[in-house]
Structure formats: C-alpha cells, structure tokens
Amino acid sequence: MDDLLPTSATAYDWSFFDKAFAAAVTVNKPVLLMVIHGGIGSGLPAWYTAGLPSDEMITADGATFACFWSPTANARAEAMRQAIADRYGDHPLLYSMRITTDWSTHGEPWFKGGAAGEIAWGDAWDAFRLRTGTPGLAGFVGAKQHYYDVHIPDLIASYAAKFPRHVSLTIAAGDGLDDIVGAYPSTDVRRHPAQLQNCKDARALYGNRFVMQFNGVNATTGASGYGQYLPIAFGPAADINAVTEPQRGSQGRIGSQPVGGVTSGAVPMTAAEFTTMIGNLTTDGYSYFECYGTDVRAAETGATSDGLAIRAALQSARDNWAW
C-alpha cells in the first residue's frame with residue numbers, strides 16, 4: 001500500500017503498478033492486482049490512519065492497523081479502490097482483483113491475535129459502539145458479527161461495483177475472527193460457517209466472478225485444513241468425499257497460493273512436497289495456483305534438481321486447469 005502514497009488529496013503514485021502492466025503487455029500475460037494494507041511500520045501509510053480515534057485502531061496479531069469498522073479508514077480505502085478501478089479497470093490484461101481489507105500486515109484474513117487479541121477487539125468495538133451509537137452485540141462476539149455480517153458483504157459489493165464484470169474478484173480464506181467450529185473436521189463444510197454463508201451469498205450475486213482462494217496450501221491439508229475445505233465447500237466437484245450438494249456452497253472456481261516457495265531460502269516445502277501439492281490441487285479442481293517467482297525461475301532455468309522437479313510438476317498439470 002505504501003506504493004500508492006497520494007501525492008495530493010486526489011492523486012496517487014502509480015509508478016509501481018504502471019511498470020507491472022507494462023511488463024505484462026510485453027509478454028501478453030494477465031494481471032492480478034492486490035493492495036495489502038499492512039500495519040504501521042509495515043507498509044501502512046500515514047495518510048490512511050491520520051486522525052483516527054483510538055477505538056478505530058487496533059494492536060493485535062503483532063501489528064497496529066485500522067479497525068474494519070472505521071468509517072474514515074473505509075472511506076479512504078473506497079477512494080483508493082475507485083482510483084485503481086478508474087485507472088486500470090478497463091485494461092484488457094486485468095483479469096482479477098484481490099479483495100483485501102484491514103487484516104494485520106499480510107493481506108490475508110488471519111488477524112485475531114490469540115486470546116489477547118480477542119480482548120483487544122472486544123474492548124475497541126465496545127468503545128466504538130458507545131461513542132458512535134452503533135448498534136450490535138457487545139464485545140468480541142459483536143465485533144465478529146459485524147465483520148462477517150456487515151463488513152465483508154459490503155467489501156465484496158464495493159469491489160464488484162467498481163470493476164468491470166470481466167474482472168474476477170478473489171478473496172483469501174482464513175479463520176479471521178474465530179470462524180472455525182473445531183468439532184468439525186476440514187472435510188465438513190460446517191467447519192467455517194460464516195465464510196460459507198458469505199461465499200454462498202456472493203456466488204448468488206456475482207456468480208463465478210467471485211472466487212474463493214486459500215493462501216497457505218501445502219502437501220497436506222493446509223492451515224486450519226483449508227486446503228481440503230475449499231474444494232469441498234466451494235469447488236467444482238459435487239461428489240468430493242461424498243458431500244451432498246445441499247451441504248455445499250455454490251460450485252465454482254477456487255484458487256491457491258502455497259505456504260512458501262521451495263527455492264525461497266527458508267524452504268517451507270521440499271520439491272517432492274511441491275509435486276504432491278500440485279497433484280492434490282489438480283485432483284481437487286483448483287482453477288489457478290500462484291507460484292512463487294523464485295520457483296518459476298528455477299523451473300525455467302532447470303539448473304538444479306529442485307528446479308527440474310518443479311518444472312515437471314507444473315508441466316504435468318498445465319492442461320488440467322481452467323481459469
């Protein structure tokens with residue numbers, strides 16, 4: 001988000017995005033845009049949080065960022081999204097726009113911050129309600145309800161209205177504010193009830209333009225089991241694990257991003273695990289996979305055994321996926 005620092009009240013620095021589109025044009029490749037809001041000290045610009053009352057800011061999950069109920073922060077985000085849409089919305093190579101909001105530092109809905117975060121969210125929400133007269137339940141339960149029942153539907157509608165219909169809208173899955181029923185396994189759609197309902201509602205409104213995605217997929221089930229959950233709840237195959245259609249979300253496209261790259265340095269997964277992951281994603285009907293740039297380059301050069309393995313895995317799946 002710090003690449004979009006406004007140079008005045010109505011102008012932004014577009015140089016980073018312009019370079020990305022220019023590169024895409026050179027090789028005729030589609031573009032997926034995403035703006036990660038970040039946290040203070042981690043990309044969040046001063047203009048975004050300037051003047052926010054204390055109950056519209058939160059310190060949780062190791063970061064300080066705007067609360068998702070902040071009218072001022074939401075208005076600033078709306079203006080930024082509109083500016084992006086005005087500049088790039090009609091670009092023929094813009095295929096998708098990632099839906100993001102004030103989620104800690106990483107642009108993904110994992111931001112509660114444990115037991116301490118639950119207290120912080122509840123306290124901030126109660127202070128905001130008292131000051132502004134905002135209706136809703138008290139404490140963490142009320143903050144959670146506002147997030148899933150108000151903020152997320154409004155956020156999806158905002159993106160849908162601003163970008164042309166040919167631009168798909170993707171949103172990452174995550175437990176967010178405790179959207180998890182631990183009594184159910186990751187193969188049961190009831191495990192994440194709020195996101196299930198949000199997705200069903202969005203699919204009913206926007207069809208397959210709306211795409212659920214999981215960031216953190218691996219060779220097994222992924223964090224909180226989302227690697228398994230997404231194809232069962234939102235994917236294209238109706239008979240996965242014999243889950244019947246009335247239990248499912250609307251069928252459609254699903255996407256994925258790995259927990260980390262094989263050749264990124266930290267080595268969160270081996271090349272063999274990468275191969276297993278690609279096989280699982282293919283079988284489960286995923287529509288796309290966001291491969292780390294270091295892994296793509298390793299596959300292109302084929303200079304190492306890891307690179308050759310990644311190349312073979314990607315080649316084996318190239319004709320089996322449909323964006």
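## Here we look at the packing of helix H8 (residues 271-283) against helix H10 (residues 305-317)
Part 1 of the argument: Where H8 contacts H10, the axes come no closer than 9 Å and their chain directions differ by 5 degrees. Of the possible angle classes, the one that applies to H8 and H10 is roughly parallel. Contacts between H8 and H10 involve Ala271, Phe274, Thr275, Ile278 and Thr282 from the first element and Asp306, Ala309, Ile310, Ala313, Leu314 and Ala317 from the second.
Part 2 of the argument: Among the residues forming the contact of H8 with H10, the class breakdown is eight nonpolar, two polar and one charged.

## Things to note about the packing of aromatic side chains
Part 1 of the argument: Tallied over the full model, the rule gives 25 aromatic pairs.
Part 2 of the argument: Relative to tyrosine 147, the ring of phenylalanine 111 has its centre 5.3 Å away and its plane inclined at 70 degrees; by these criteria the two rings are edge-to-face. Placement of phenylalanine 111 in the loop between strand E4 (94-99) and helix H4 (114-132) and of tyrosine 147 in helix H5 (residues 139-162) is noted, with a sequence separation of 36 residues between them. In terms of burial, phenylalanine 111 and tyrosine 147 fall into one category: buried.
Part 3 of the argument: Ring-pair connections join several aromatic residues into one group, and the members of that group are Phe65, Phe68, Trp69, Phe111, Trp121, Trp125, Phe128, Tyr147 and Tyr148.

## Brief notes about the pairing of strand E5 (residues 168-172)
Part 1 of the argument: The element E5 is largely enclosed, with a buried count of five among its five residues.
Part 2 of the argument: Neither face of E5 is left uncovered, since the one carrying Ser168, Thr170 and Ala172 and the one carrying Leu169 and Ile171 both have all their residues buried.
Part 3 of the argument: As paired elements, E4 and E5 share four bridges and run parallel to each other. The partner of methionine 97 across the bridge, within E5, is leucine 169.
Part 4 of the argument: Handedness of the E5-helix H6 (residues 193-206)-strand E6 (residues 210-217) crossover: right-handed.

## Concerning helix H1 (residues 15-27)
Part 1 of the argument: Between its terminal C-alpha atoms H1 stretches 19 Å, which fits the 18 Å expected from 13 residues at 1.5 Å a residue.
Part 2 of the argument: For H1, the set of buried residues is Phe17, Phe21 and Ala24. Looking straight down H1, one finds its buried side chains confined to an arc of 60 degrees; they lie on one side. Among the exposed residues of H1, those pointing more than 90 degrees away from its buried face are Lys19, Thr26 and Val27.

## Regarding helix H7 (residues 226-234)
Part 1 of the argument: Burial analysis of H7 places eight of its nine residues in the buried class, the great majority of the element.
Part 2 of the argument: Along H7, the residues classified as buried are Tyr226, Gly227, Tyr229, Leu230, Pro231, Ile232, Ala233 and Phe234.
Part 3 of the argument: On its buried face, H7 is in contact with H6, E6 and strand E7 (254-258).

## Topic: the pattern of salt bridges
Should the charged atoms of two oppositely charged side chains come close, the side chains can pair.
Part 1 of the argument: Taken as a whole and judged by the stated rule, the model has 10 salt bridges.
Part 2 of the argument: Across the pair glutamate 56 and arginine 131 runs a salt bridge whose closest N-O atoms are separated by 2.7 Å. Note that glutamate 56 is positioned in the loop between helix H2 (46-49) and strand E2 (57-60) and arginine 131 in helix H4, a separation of 75 residues in sequence.
Part 3 of the argument: Taking relative accessible area as the criterion, glutamate 56 reaches 4% and is therefore assigned buried.
Part 4 of the argument: The partner of arginine 190 in a salt bridge is aspartate 188, with the nearest N and O atoms 2.7 Å apart.
Part 5 of the argument: Look at arginine 190 and you get partly exposed, because its relative accessible area is 42%.
Part 6 of the argument: By relative accessible area, which is 14% here, aspartate 188 ends up buried.

## Regarding the nonpolar core
Part 1 of the argument: Grouped together as the largest cluster of nonpolar side chains are 82 residues, with contacts concentrated most on Leu33, Trp69, Ile84, Trp121, Leu230, Phe234 and Phe274.
Part 2 of the argument: Examining the composition of this core, we find that nine residues originate from one element, H5, more than from any other.

## Side note on the confidence of the model for the protein
Part 1 of the argument: Confidence along the protein averages 89 in pLDDT terms, with 92% of residues attaining 70 or more.
Part 2 of the argument: Segment residues 238-249 is flagged for pLDDT under 50; beyond a separation of four residues in sequence, or across chains, it makes 27 contacts in the model.

## Focus: the sheet that holds strand E1 (residues 31-33)
Part 1 of the argument: If you trace the six strands from one edge of the open sheet to the other, you get E1-E4-E5-E6-E7-E8, paired in parallel fashion. Sheet topology places E1 and strand E8 (288-289) at the edges, where each strand pairs with a single neighbour.
Part 2 of the argument: For E1 and E4, the ladder comprises three bridges, and the chain directions are parallel. By the bridge assignment, valine 31 is partnered in E4 with leucine 94.
Part 3 of the argument: Contacting E6 and E7, H7 crosses the sheet at an angle of about 165 degrees to E6.

What counts as what
- Residues numbered from 1 in each chain as written.
- Predicted model: local features only at pLDDT ≥ 70, side-chain atom pairs only at ≥ 80, totals over all residues.
- Heavy atoms only, no water.
- Axes fitted to C-alpha atoms, helices over the stretch in contact; angles between N-to-C directions.
- Helix = DSSP H or I, 4+ residues; strand = E, 2+ residues; numbered from the N terminus.
- Parallel < 35°, antiparallel > 145°, perpendicular 65-115°, else oblique.
- Contact = heavy atoms within 4.5 Å.
- Nonpolar A, V, L, I, M, F, W, Y, C, P; charged D, E, K, R; others polar.
- Phe/Tyr/Trp six-rings, centres within 6.5 Å; stacked < 30°, edge-to-face > 60°.
- Buried < 20%, exposed > 50% of the residue type's maximum accessible area, 1.4 Å probe, protein only.
- Pairing = 2+ DSSP bridges.
- Right-handed = clockwise from strand over helix to strand, strands pointing away.
- Expected span 1.5 Å × (residues − 1).
- Arc of directions from axis to C-beta.
- Salt bridge = Lys/Arg side-chain N within 4 Å of Asp/Glu carboxyl O.
- Core = buried A, V, L, I, M, F, W, Y, C linked by side-chain atoms within 4.5 Å.
- pLDDT = per-residue confidence, 0-100.

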